[in-house]
Amino acid sequence: MKLTLKFGKRLKELRKKANLSQQELAELVGMESLNNISKLENGEQLPKKENLEKICKALKIEPKELFDFGHFKSKEELIKEMLELFEKSTLKDLQYFSKVINAYFEAR
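For the structure given in this document, a descriptive report is provided here. (Residues numbered from 1 in each chain as written. Predicted model: local features only at pLDDT ≥ 70, side-chain atom pairs only at ≥ 80, totals over all residues. Heavy atoms only, no water.)

Some thoughts on the overall build of the chain
Line of reasoning, step 1. Within the chain one finds seven helices and zero strands.
Line of reasoning, step 2. Scanning the chain from its N terminus toward the C terminus, one meets helices and strands in the order α-α-α-α-α-α-α.
Line of reasoning, step 3. Principal-axis analysis of the C-alpha atoms places the extent of the chain at approximately 60 × 25 × 20 Å.
Line of reasoning, step 4. Out of the 108 residues in the chain, the part that is buried amounts to 27%.
Line of reasoning, step 5. Across the chain, contacts joining residues at least 24 apart in sequence account for 59% of those joining residues at least 6 apart.
Line of reasoning, step 6. Summed over all atoms, the accessible surface of the chain reaches about 8200 Å², with 53% contributed by carbon and sulfur. (Helix = DSSP H or I, 4+ residues; strand = E, 2+ residues; numbered from the N terminus. Buried < 20%, exposed > 50% of the residue type's maximum accessible area, 1.4 Å probe, protein only. Contact = heavy atoms within 4.5 Å. Areas by Shrake-Rupley, 256 points an atom, 1.4 Å probe, with all protein chains shown as cover.)

This is the structure:
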């Protein structure tokens, strides 16, 4: 997934968490148009540096939070990541992971 798309998805997530509409965020940031926030959230563009700082202030977050995309990984990316972790694990670790995963699926 492209950086602009990940950023947009994260911005929308954080805006909603702050209970702000696109219009309210645009006003807090001092953007002339609600369309600008929409373009950011749709991954069409990244914000200018000065707007990035204003967005963070409006959302009451640190800039690094806007770039925390770890939870947007695809199924394939997660499987690859888990396989790499499993390959590095000891037998004892794998036995523990197996119990945890089995317990999760039994509880579902």
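Things to note about the environment of Leu-3
Line of reasoning, step 1. By the secondary structure assignment, Leu-3 is in helix 1 (residues 3-17).
Line of reasoning, step 2. On the basis of relative accessible area, Leu-3 is assigned to the partly exposed category, the value being 42%.

Side note on the packing of aromatic side chains
Line of reasoning, step 1. With the rule as written, the count across this model stands at five aromatic pairs.
Line of reasoning, step 2. Plain terms: the ring middles of Phe-86 and Phe-97 are 5.7 Å apart, the flat faces sit at 40° to each other, and that makes the pair tilted. With Phe-86 in helix 6 (residues 75-88) and Phe-97 in helix 7 (residues 91-107), this pair connects stretches of sequence that are 11 residues apart.
Line of reasoning, step 3. Residue Phe-86 is classed as partly exposed on the basis of its relative accessible area of 27%.
Line of reasoning, step 4. For Phe-97, a relative accessible area of 29% translates into the label partly exposed.
Line of reasoning, step 5. Summarising the aromatic geometry, the rings of Tyr-104 and Phe-105 are spaced 5.2 Å apart at their centres and angled 80° between planes, so their arrangement reads as edge-to-face.
Line of reasoning, step 6. Classification of Tyr-104 as partly exposed rests on a relative accessible area of 48%.
Line of reasoning, step 7. The partly exposed category is assigned to Phe-105, whose relative accessible area is 49%.
Line of reasoning, step 8. These aromatic residues form a ring-pair network of at least three members: Phe-7, Phe-67 and Phe-69. (Phe/Tyr/Trp six-rings, centres within 6.5 Å; stacked < 30°, edge-to-face > 60°.)

Details of the environment of Leu-20
Line of reasoning, step 1. Mapped onto the secondary structure, Leu-20 falls in the loop between helix 1 and helix 2 (22-29).
Line of reasoning, step 2. With 39 residues separating them in the primary sequence, Leu-20 and Leu-59 have C-alpha atoms 8.6 Å apart.
Line of reasoning, step 3. Each residue touching Leu-20, except ones within four places of it in the same chain, is listed here: Arg-15, Leu-25, Leu-28, Ala-58 and Leu-59.

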